[in-house]
Amino acid sequence: MKKLTEDPLFALEWSSSRLFLPFSVRNAAVWAAFLAIVVIGVGLFLPDDITPESLFACGAAMIAIIGFSIGLGSALTQRENPWKDWWLTMPHSREALVRAKLLAMILTVGSFAAGIWLACVLIAAVRAQSGVYWTDPGTAGRLPGDMLAYALAYAAEAPICASLGLSLLGMYSGYRRWLLLPLAALFLPLYGMISAVLSPNAAVQRAVSAEAFFYGACAALLVAAPLCKGVVRFVAGYGMPELARHRSNGLLTRKRKETVSQARFKANGTGFRALFGFERSRYRHFSSSSPARVLYVMLVLAAAAGGCFAVAQPQGILNLIMGLTMATAWAPSIVLSLVTQTDANRRRLVWWIALPFRRRTLLLARWTAVWATVLKGAAGLLAAMIAGAAVRWGIGGSVPVLWNRDGHTALYVAVSLLAMGLLLSGITLAYPAAYRNAWTAWLILPVTSGAAIAPIFASRWLVTERVLAGEVGPEQWRTAAIVAAAALALGGAGLALGAKWLHLYLTNTQDAAQRLRGAGRSRGRPLV
Amino acid sequence: MGMTKLGRAGAPAIRCDKVEVSIKKKKVLNQVAFEVGAGCLAGLLGPNGAGKSTLLRLLTGLLPPDSGSVELFGAPAGPDRLAEVSFLPDRGQLPVYLSAGEWLGFAARLYPDWSRARERELTAKLEVDPARRIGSMSRGEEARLQLLTCLSREAPLLILDEPFTGVDLLSRERIASAVVGEMADGERTFLIATHDIREMEHLFDSIVLLGDGTVKAAYEVEALRESGRSVESCYREVFA
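About the thresholds
All residue numbers here refer to positions counted from 1 along the written sequence of the relevant chain. Each chain gets a letter, beginning with A, and each ligand a number, beginning with 1, in the order they are written. Only residues with pLDDT of 70 or above have their local features reported here, since the model is predicted, and side-chain atom pairs are shown and tallied only from 80 upward, although totals for entire chains, interfaces and linings are computed over all residues. The basis for every side-chain value is the complete set of non-hydrogen atoms in the structure, without hydrogens or water. Here an axis means a line fitted to C-alpha atoms, over the contact stretch when the element is a helix, while the angle between two N-to-C directions is reported on a 0 to 180 degree scale. Secondary structure elements follow DSSP: runs of H or I of four or more residues count as helices, runs of E of two or more count as strands, with numbering from the N terminus. An angle counts as roughly parallel when it lies under 35 degrees, as roughly antiparallel when it exceeds 145, as roughly perpendicular when it falls between 65 and 115, and as oblique in every other case. By definition, any crossing whose near helix is turned counterclockwise from its far helix by less than a right angle is left-handed, and any crossing with a clockwise turn is right-handed. By definition in these notes, contact holds between two residues if any of their heavy atoms fall within 4.5 Å. Each residue gets one of three labels from its accessible area relative to the maximum for its type: buried under 20%, exposed over 50%, partly exposed in between, using a 1.4 Å probe on protein chains only. Those domain boundaries reflect an automatic or database domain assignment. Buried area is calculated as the accessible area (1.4 Å probe) missing from two parts once they are joined, with the contributions of both summed. Only one rule defines a salt bridge in this text: a Lys or Arg side-chain nitrogen within 4 Å of an Asp or Glu carboxyl oxygen. Each residue gets one label: Ala, Val, Leu, Ile, Met, Phe, Trp, Tyr, Cys and Pro are nonpolar, Asp, Glu, Lys and Arg are charged, and the others, such as Gly, are polar. Pairing of aromatic rings covers Phe, Tyr and the six-membered ring of Trp, with a centre-to-centre limit of 6.5 Å; geometry is then stacked below 30 degrees between planes, edge-to-face above 60, and tilted otherwise. Cysteine sulfur atoms are paired as a disulfide whenever they come within 2.5 Å of each other. Between N or O atoms, a polar contact is any pair within 3.5 Å; within protein, one atom must be a potential hydrogen donor and the other a potential acceptor, and residues adjacent in sequence are included only when both atoms are from side chains. We define the nonpolar core as a collection of buried residues of types Ala, Val, Leu, Ile, Met, Phe, Trp, Tyr and Cys that are connected through side-chain atoms lying within 4.5 Å of one another. Two strands pair if DSSP finds at least two bridges between them.

1. Focus on the packing of helix H1 (residues 8-17) of chain A against helix H5 (residues 94-129) of chain A
Residue and element names in this part refer to chain A. For the pair H1 and H5, the least separation of the axes is 8 Å and the interaxial angle reads 40 degrees. By the angle class used here, H1 and H5 are oblique. Classified by chirality, the crossing of H5 by H1 is right-handed. Residue-level contacts link Leu9, Phe10, Glu13, Trp14 and Ser17 of H1 to Ala96, Leu97, Ala100, Lys101, Leu103, Ala104, Leu107 and Thr108 of H5.

Okay, here's the thing in structure tokens:
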């Protein structure tokens, strides 16, 4: 077998991946600075009752998210990548092409895993040294064993998560689209895991113990190689022919008819109303696709079933309400940044920005359309939950809900998460200002990219376990009011900043970034 | 180079004075100065990387200049002037999930100067199928739909950035003929950036030659012809 370093396909893929990794002095300095910020930040704000096992397990969840995201990101961008046709026509087997890509991805995820592992070790060591673990003197002694067990677990995660993410490339059409559901079922709960593993609950602590992770890692390592081989075959067999057929900027699926018999999206009104309708048409189109419909119907059924069973316990129903409304906290921000950047990458933004409207109006219409879509989706799920609960009540099940207290708590949960979503989406409007210079980028990007882990912040500061136990008082409402006031102020500022620098999207596309990286690389030493 | 005035006397449709722009620390436009009179069909010509698209984005107000001034019909250009400018971006994309008819339905509501009559006329002339989804259109079909969107407006200034890129011969002819048709009333001003000099040479009233971010030369085409030269020969003289 050819050495990895001698494989030109791998070298080519790796040349792109390693541009982000600490293999140059500059990148190493950035990674070291980031590591120091994480260690200091987490060390300062992490509550004392978090065990080192929880910390390592939290790192494991993050690595899984990174691994999936790198794989999914590659699968999602491959179809619109201008380099795609060159890649497909290389005189190598398709399996060889996919294998090289996957290997480079695994090494990339491995590099992130090493960084996270180092951060966890440093945080745990500092906390052990500073006496945080005084309540459990055995904790410090367990650290060396923990370090090895979780290192093994992190190593096992990289190939599994990267390959599962990349497998998306083979799920774009036909019955294989149904595989999106188990893939989503594996990926989406990872965000919830980040905060769930921090619980001091005995069952959680057993699940995150070094022993459990060690045995899990051994099993995962046995599965990793066959899984990677299987994914390479699957993607080469199904994904690559579809990729070759796919026309850049064409419709997402081949099954869509080329013509429509009558207009599905009718424009109404003029001015802002027309603009809002135009923005909404994007989400209405997306939600009319079969996978989106199936996914939503499954969520509705799950919400109804959840309502039926969870209503037996007040905390159960409150947890469910929190789960169903959590999307209002993170989804608008993520959708806003993705949609506008994608429009810029696909050269659609220039049409939008050249529409004869004030830029604030353009942004506001986009923001409103995203919120209308998210609220409609959340309202449907809540209605399904209420219907499920009503069925339970109708058939005479006991419903120990204290309407006054639990209704008040439910209202607080919904309002506080909504306020958080408004805050994050308002700040996201300022995203183009991040392209202006490094300082604005450092201010805005951590907030916008932090939207993905909004559930952690929400469960830490807004919807805490005390709240879910029904303890909502003036203090909690004051916190929610502060978040809402911040949303109003920062949202207004975000709108003004975003409108002012909106044009910077035009010169900061994926293509421009790749060219810039390429230009930077040419000044450095060779990569291969 | 000083200010070059092209076209009829009176208030110019476009006026750039000492315009400078840098993108990512690279100077893309340097001391650009020229005027295009109202009612002209002007060509903006230059090799790749000359700064043509950046200049057009300045004129449409999509980008602000770092220094200098850009005026349209005597007032500063900017996002608030977009109602007066119909812009065809270079290799821009319309929403792929809409059909041509759905897009035109939205466009009629989004552009206050939209003319339904002109839309109907051009839909037939440019052979655009309203039922066809944009995502399934060929490059030529989509280019025609994009041009249709620009021409269905009654904006006094039309700025077209490489309208022929990747477009087949028949579509080129249809596009060129549609542009000529729009010029019939002599009221509208066109500025067209293109590499296809031969295709458009006979249409231009004037040309601005842009290279390395500066105006290398500007000519009235009629005067060029009278001196026995062509647009192509001029282009070769300046850039070869």
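Anyway, onward from the coordinates.
2. Side note on unusual backbone geometry
Residue and element names in this part refer to chain B. Phi at glutamine 31 is positive, roughly 55 degrees, even though this residue is not glycine. Within the secondary structure layout, glutamine 31 lies in strand S3 (residues 26-37). Judged by relative accessible area, which is 38%, glutamine 31 ranks as partly exposed. In this model, aspartate 212 sits at a positive phi of 50 degrees, which is unusual for a non-glycine residue. Look at aspartate 212 and you get exposed, because its relative accessible area is 67%.

3. Brief notes about the domain arrangement of chain A
Residues and elements named next belong to chain A. Split into domains, chain A comes out as domain 1 (1-254) and domain 2 (289-512). Between domain 1 and domain 2, the C-alpha centre-to-centre distance is 26 Å. The interface is formed by 12 residues belonging to domain 1 together with 13 residues belonging to domain 2. Buried area between domain 1 and domain 2, summed over both chains or domains, comes out near 1200 Å², and the portion from carbon and sulfur atoms is 70%. Between the two partners, domain 1 and domain 2, sit zero salt bridges. Mapped by element, the contributors of at least two residues to the side of domain 1 that touches domain 2 are helix H7 (180-187) and helix H8 (189-196). Of the residues that constitute the side of domain 1 that touches domain 2, the class distribution is seven nonpolar, three polar and two charged.

4. Quick look at the packing of aromatic side chains
Applying the stated criterion to the full structure yields 18 aromatic pairs over all chains. Arranged with centres 6.0 Å apart and planes meeting at 15 degrees, the rings of tyrosine 111 of chain B and tryptophan 114 of chain B form a pair that is stacked. For the pair formed by tyrosine 111 of chain B and tryptophan 114 of chain B, the shared burial category is buried. An aromatic cluster is defined as three or more aromatic residues linked by ring pairs; in this entry it consists of Phe278 and Trp351 of chain A together with Trp103 and Phe106 of chain B.

5. A closer look at the state of the cysteines
All names here are of chain A. The tally for this structure, following the rule as stated, stands at zero disulfides over all chains. Cysteine cysteine 228 shares no disulfide, and the gap to the nearest cysteine sulfur, in cysteine 161, comes to 10 Å. Residue classification places cysteine 228 among the buried residues on the basis of a relative accessible area of 13%.

6. Examining the interface of chain A and chain B
Counting residues at the interface gives 41 residues for chain A, matched by 44 residues for chain B. Both faces combined, the contact of chain A with chain B buries some 3900 Å², and carbon together with sulfur accounts for 62% of it. For the interface between chain A and chain B, the tally reads zero salt bridges. Taken together, chain A and chain B are joined by five residue pairs in polar contact (both at pLDDT 80 or more). With eight residues, the single largest contributor to the side of chain A that touches chain B is helix H11 (residues 271-287) of chain A. The residue inventory of the side of chain A that touches chain B, partitioned by class, reads 17 nonpolar, 14 polar and 10 charged.

7. Section: the nonpolar core
Core analysis: the largest hydrophobic core is formed by 110 residues, its most contacted members being Ile14, Leu29, Phe34, Leu55, Leu59, Trp103 and Leu145 of chain B. Top element by residues in this core is helix H2 (residues 100-110) of chain B. It accounts for seven residues. Of all hydrophobic cores here, the second largest spans 76 residues; its members include Met90, Ala113, Leu190 and Leu198 of chain A.

8. Points about the pairing of strand S4 (residues 41-45) of chain B
Residues and elements named next belong to chain B. In terms of burial, S4 is a largely internal element, five of the five residues being buried. Residues of S4 alternate between two faces, with Leu41, Gly43 and Leu45 on one and Ala42 and Leu44 on the opposite face, all of them buried. Relative to strand S9 (residues 189-193), S4 is paired through four bridges, and the arrangement is parallel. Paired with leucine 44 across the strands is alanine 193, a residue of S9. Two elements, S4 and strand S10 (residues 206-211), share four bridges in a ladder whose sense is parallel. Of the residues in S10, the one forming a bridge with glycine 43 is isoleucine 207.

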